[in-house]
Amino acid sequence: MKTLRLFFNLSRPFWASRAGWPGWLLLASIFAMGVGIVQVNVYINAWSKTFYDTLATFDGSALLDLMGSYALAIGALILVIVSKNWLTKALILRWRQHLNDHMLDRWLGERRYYRLGLSGEPDHPDQRIAEDVHLLTDKTVGLVVSLFINTLQIGAFVSILWQLSGTQTFTLGDYSVTLDGYLVWAVVIYTLIGTLFTHWLGHPLHDLNYERQRSEAAFRTDLLRKREHAEQIALYSGEHAERQSLALRFAAIADNWRGLMRRELKLGTFTVGYDRISNIVPVFIALPAFLAKTITLGGLMQIRTAFGAVHGSLSWLIYSYRTLMEWSATVQRLGQFQQAMEGLPAVELEHGETLNTCGLDVLRPNGEPLLCGLALHAQPGEWLRLAGASGLGKTTLLRTLMGLWPHHRGSWQLPSGRSLLLPQKPYLAGGRLDELLAYPATQTPGGLELIGALKDVGLDHLADQLDRDAEWSRELSGGEQQRLALARALLYRPSTLYLDEATNQLDEQAACQLLERLRMRLPDCTLIGVSHQPAVQRLFERSIDLQECGAACRPVTLELATA
Ligand SMILES: Nc1ncnc2c1ncn2[C@@H]1O[C@H](COP(=O)(O)OP(=O)(O)OP(=O)(O)O)[C@@H](O)[C@H]1O
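Residues numbered from 1 in each chain as written. Predicted model: local features only at pLDDT ≥ 70, side-chain atom pairs only at ≥ 80, totals over all residues.

Caption draft 1: A look at the UniProt feature "domain: ABC transmembrane type-1" (unreviewed entry) in the chain. With numbering aligned to this structure, UniProt lists the feature "domain: ABC transmembrane type-1" (unreviewed entry) at residues 40–326. The distance from the first to the last C-alpha atom of residues 40–326 is 31 Å, and the span holds 87% helix and 4% strand. (UniProt positions renumbered as here; feature names shortened; annotations may be inferred. Helix = DSSP H or I, 4+ residues; strand = E, 2+ residues; numbered from the N terminus.)

Caption draft 2: Seen up close, the site of the ligand. The immediate surroundings of the ligand are formed by Leu 118, Arg 364, Pro 365, Leu 370, Ser 390, Gly 391, Leu 392, Gly 393, Lys 394, Thr 395 and Thr 396. The element best represented in the shell around the ligand is helix α13 (residues 394–401), accounting for three residues. (Near = placed C-beta within 6 Å.)

Caption draft 3: Fine view of unusual backbone geometry. For the bond running from Tyr 439 to Pro 440, omega is 10 degrees, close enough to zero to count as cis. With a phi angle near 50 degrees, Glu 110 is a residue other than glycine that sits in the positive phi range. Phi angles above zero are rare outside glycine, and Arg 111 is one such case at about 55 degrees. Looking at the secondary structure, you find Arg 111 in the loop between α3 (60–108) and α4 (112–119). Residue class for Arg 111 comes out partly exposed when judged on the 16 C-beta atoms lying within 10 Å of it. (Buried ≥ 20, exposed ≤ 12 C-beta atoms within 10 Å, placed from the backbone.)

Caption draft 4: Structural view of the nonpolar core. Counting residues in hydrophobic clusters, the biggest one holds 52 residues, and the most contacted among them are Val 362, Leu 437, Leu 454, Val 457, Leu 486, Ala 487 and Leu 499. Here the element with the most residues in this core is helix α17 (residues 478–492); it accounts for five residues. Filtering out sequence-adjacent residues up to four positions away, Ala 487 remains in contact with Leu 437, Ala 453, Leu 454, Asp 456, Val 457 and Leu 459. Counting residues in hydrophobic clusters, the runner-up holds 45 residues, among them Leu 10, Leu 91, Ala 286 and Ile 295. (Core = buried A, V, L, I, M, F, W, Y, C linked by C-beta atoms within 7 Å. Contact = placed C-beta atoms within 7 Å.)

Caption draft 5: Focus on the environment of Asp 174. Looking at the element boundaries, Asp 174 is found in the loop between β1 (167–172) and β2 (175–180). Judged by C-beta crowding, with 5 C-beta atoms within 10 Å, Asp 174 ranks as exposed. Once the C-alpha coordinates of Asp 174 and Leu 265 are considered, the two residues, 91 residues apart in sequence, prove to be 44 Å apart.

Caption draft 6: Examining the sheet that holds strand β13 (residues 526–530) more closely. What the five strands build is an open sheet, ordered β9-β12-β13-β7-β14; its pairing is parallel. The open sheet has two edge strands with one neighbour each: β9 (419–422) and β14 (542–545). Averaged over all adjacent pairs, the angle separating strand axes in this sheet is 15 degrees, with direction ignored. Both strand β7 (residues 383–387) and β14 contribute to a ladder of four bridges, which runs parallel. By the bridge assignment, Arg 385 is partnered in β14 with Ser 543. The sheet strands contacting α13 are β7, β9, β12 (496–500) and β13, and the helix crosses β12 at an angle near 155 degrees. (Pairing = 2+ DSSP bridges. Axes fitted to C-alpha atoms, helices over the stretch in contact; angles between N-to-C directions.)

Caption draft 7: Seen up close, the UniProt feature "transmembrane region" (unreviewed entry) in the chain. Under the UniProt annotation, "transmembrane region" (unreviewed entry) lies at residues 21–46, 66–87, 141–162 and 182–202. Taken end to end, residues 141–162 is 100% helix and 0% strand, and its two terminal C-alpha atoms sit 31 Å from one another.

Caption draft 8: Molecular detail of the domain arrangement of the chain. The assigned domain composition of the chain is domain 1 (2–343) and domain 2 (350–427 + 487–545). Its C-alpha centre places domain 1 at a distance of 56 Å from the equivalent point of domain 2. (Domains from an automatic or database assignment.)

Caption draft 9: Region of interest: the confidence of the model for the chain. Looking at the chain as a whole, its pLDDT mean stands at 87, while 97% of the residues score no less than 70. Segment residues 555–563 is flagged for pLDDT under 50; beyond a separation of four residues in sequence, or across chains, it makes seven contacts in the model. What the predictor reports for the complex is a pTM of 0.76 with an ipTM of 0.95. (pLDDT = per-residue confidence, 0-100.)

Caption draft 10: The arrangement of the environment of Thr 271 in detail. Tracing the chain through its elements places Thr 271 in helix α9 (residues 239–291). Judged by C-beta crowding, with 21 C-beta atoms within 10 Å, Thr 271 ranks as buried. Taking the C-alpha atoms as reference points, Thr 271 and Gly 417, 146 residues apart in sequence, are found 64 Å from one another. If sequence neighbours within four positions are ignored, Thr 271 has contacts with Thr 198 and Ile 318.

Caption draft 11: Here's a closer look at helix α7 (residues 205–228). The end-to-end C-alpha distance of α7 is 34 Å, a good match for the 34 Å that 24 residues give at a rise of 1.5 Å each. If you check which residues of α7 are buried, you get Leu 205, Leu 208, Asn 209, Gln 213 and Ala 217. In this structure, the buried residues of α7 make contact with α5 (125–165), α6 (182–202), α9 and α12 (321–343). (Expected span 1.5 Å × (residues − 1).)

Caption draft 12: Region of interest: the pairing of β12. Within β12, five of the five residues are buried, leaving the element largely enclosed by the surrounding structure. Residues Thr 496, Tyr 498 and Asp 500 line one face of β12 and the alternating positions Leu 497 and Leu 499 line the opposite face, and both faces are buried. Here β9 runs beside β12; their pairing, made up of four bridges, is parallel. Bridge assignment links Ser 419 to a residue of β12, and that residue is Thr 496. One ladder, built from five bridges, connects β12 with β13; its direction is parallel. The residue bridging Asp 500 from the neighbouring strand is Val 530, located in β13.

Structure follows, in structure tokens:
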């Protein structure tokens, strides 16, 4: 029930929207192909009776005609199956595209990608978006289409099987029972027993599949992290420690795989045997009627195919069990992700003339207070420095003002317009230098503006490399990266700029020159900064020591223990 509820929540955005109409159309066409497949199967079933009866009469020319009509039927079957598969793939792509967009909009909207990470849940959003969205759409469409065709097939072949069964009387000692459609009852009971056994043997597959997706994602993320921090690892010569952590991650995958193997062995032993026996069971059941000469060889063969068709369709659950377990694990992972995103409260930042905080408390994630009753005020264009001991909460306060840190009480107001925070280590994705400079704007400014910004921050030597695609975070020194981040601020022109030790890799003289240039280029920008560089500190018009103003909830002193 819970899985179905999660599934409906995940499906609604596509199937209940205007974008879903082409999807419904595709689904209807796939169902129409399904009807075609069942009709050809019914035809082949009737054909098999005629064929085997003609075989018994050794009528060569009639057999040749029958083979011709069989070839036509198979040709039609190929056509409808291929069209159904093509339409199915088109539907999967359409739904996946929509769900992918929906998930990305949600995840990137209101900075959920960051805020979700703060609460530590749910794990591996990358895997949920990249893989689970694909699995969900692919498996759902596959299961729904096969369920539809199998249901049709049951409807078509049950009536054939019922007619073929006729009325039979069974005697057991003194008792005798007369049954209509005994073959139908036999196939229902036979399949029901098979289904119950399958569920009993296979239900642990749900948890194993959930864990498989999680452990595979953990291994992949760990590998990616090594690549991202390759230089730091190389500097530490940390290969052995890294190898060990990867070995542990892979051991979890192998453990889970062994669990899956054991479970699938049990399930497979049953389903493979059950599948094989099912081919011959209808012949055994109808044998007394054949021996009593109440049915012909053709009739026996027709019973076998009709019984096989009804049994095959009724066994949909048995043969789809593994897929269903993978599907339910996928629904659970994606559904949890969607719920977690929807559960985050909306971020509404208040904007006004000036920057003000009123009785603002900043808390740790566990609710413990970090800064209490903070009352800050900054005029438009004012430069305000936040001071205080390391670990006091300066960075966390900046995150709070930006609307990133959810653990706070009280209110604040920001100057209207855009805000930008430059941390110590700028984010430089790989790509063209001009796009990197324009970040976070998506429109790249003209070449002259970009070159002007590069000159302002002393990166003139990069002016002829604007269109070069490279791993800039590896090529540029720490100081150059900080210069590039300041160039970004010049181009982005925020009305509030937060600098969190954003020049600490530059010498003080260069840092001061750059900040002076920033003040000249962005005279109306309110700047809230944290810096441990004395020369830089002097550039600020006002400093607030968070400890001295009584905002620190508890004094922070980090002392080295005496030897
Ligand atoms: N994501 C987080 N989860 C839990 N605790 C956190 C998180 N981020 C920061 N903290 C804690 O909040 C406290 C304040 O950290 P913060 O980085 O704001 O200090 P700071 O004053 O900027 O220090 P520094 O001057 O050394 O950069 C620290 O004890 C830190 O461990």
